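Structural characterization, general
One letter stands for each residue in the lines below.
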Amino acid sequence: MKHIPEALKLYIDTCILPMYDNFDAAHRRDHAQMVIDQSSQIAKHYQVDDAMVYVIAVYHDTGLSHDRKTHHLVSGQIIRNDARLRAFFDDAQIEVMAEAVEDHRASSDHVPRSIYGKIVAEADRFIEPHKIIERTIQYGLDHYPGLDKQGQYQRLLEHIHKKYADGGYLKLWFPESPNVQRLEKLRAIIRNEAELQSVFDEVYEGLIAGRR
């Protein structure tokens, strides 16, 4: 990204990005960097403020320092309460950035209120088919350990159909997003039940073996 003050980068590098080192494995600093990179890829196609896009990407999950359920709302408050940001942005820009991080969750019940919210919501996704399946199974093993293999498969089916299949609630906002082609690859697997079962079996057995 261009036009980002060096003083702002220094502050974020030293005071904000280190927060991600204390989050769960799926939301560490590499995740924040992915969101920064994908935000930049999308933003270059639109007339937006690079520094705002950058700050939104960095702050979007900072609310995980409080909890998972409301982290998007807490992230918005962190932006509003960060006095250091007011050296670089006016009140209106601060509010747009806060609203953008509040709107970034895939399961949000409303459309992001600005293009900035759509950019970070899109950039927060990395729709690599096998990784999506792996993370879904991993979540099931961690949170529903009483389910047997068939139970975990049924849970996987319910989740990925609800979120990722044709008509699922996951929305992609930009045709330039690298996720467009990735999502279609995942949907092709979802449509092919035999392939989906094969991928599940392979991933499931690998995760189970790793727990022994």
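Fair warning: this is a prediction, and the values are worked out from it, not measured in the lab.

1. Remarks on the side chain of Glu122
Its place among the elements puts Glu122 in helix H6 (residues 115-123). One buried charge, Glu122, has no salt-bridge partner; the nearest side chain with opposite charge is Arg125, at 6.1 Å. Within the structure, Glu122 has its side chain in polar contact with the backbone nitrogen of Trp173 (distance 3.1 Å). If we skip the residues at most four places from it in the chain, Glu122 touches Gln38, Ile42, Lys171, Leu172, Trp173, Phe174, Ser177 and Asn179.

2. Observations regarding the confidence of the model for the protein chain
Per-residue confidence for the protein chain gives a mean pLDDT of 92, with 97% of residues at or over 70. Taken element by element, the protein chain is modelled with least confidence in helix H7 (residues 129-143), mean pLDDT 89, and with most confidence in helix H3 (residues 50-59), mean pLDDT 98.

3. Let's talk about the side chain of Arg80
By secondary structure assignment, the location of Arg80 is in helix H4 (residues 71-81). Here Glu102 takes part through its side chain, which lies 2.8 Å from a polar atom of the side chain of Arg80. Ignoring sequence-local partners within four residues, the contact set of Arg80 consists of Arg86, Ile94, Glu95, Ala98, Glu99 and Glu102.

4. A short note on the packing of H7 against helix H9 (residues 179-191)
Look at H7 against H9: their axes get within 9 Å of each other, and the N-to-C directions meet at 65°. Contacts between H7 and H9 pair Pro129, Ile132 and Ile133 from the former with Arg182, Lys185, Leu186 and Ile189 from the latter. Looking at the contact of H7 with H9 residue by residue, the class counts come to five nonpolar, no polar and two charged.

5. Re the pattern of salt bridges
Evaluation of the coordinates by the stated rule reveals 16 salt bridges. Between Arg80 and Glu102 there is a salt bridge, with its nearest N and O atoms 2.8 Å apart. Taken as a pair, Arg80 in helix H4 and Glu102 in helix H5 (residues 91-102) lie far apart in primary sequence, 22 residues in all. Here Arg80 matches Glu102 in class, with each residue buried.

Procedures and definitions
- Residues numbered from 1 in each chain as written.
- Predicted model: local features only at pLDDT ≥ 70, side-chain atom pairs only at ≥ 80, totals over all residues.
- Heavy atoms only, no water.
- Helix = DSSP H or I, 4+ residues; strand = E, 2+ residues; numbered from the N terminus.
- Buried < 20%, exposed > 50% of the residue type's maximum accessible area, 1.4 Å probe, protein only.
- Lys, Arg positive; Asp, Glu negative; His and termini not counted.
- Salt bridge = Lys/Arg side-chain N within 4 Å of Asp/Glu carboxyl O.
- Polar contact = N/O pair within 3.5 Å; in protein donor to acceptor, adjacent residues only side chain to side chain.
- Contact = heavy atoms within 4.5 Å.
- pLDDT = per-residue confidence, 0-100.
- Axes fitted to C-alpha atoms, helices over the stretch in contact; angles between N-to-C directions.
- Nonpolar A, V, L, I, M, F, W, Y, C, P; charged D, E, K, R; others polar.

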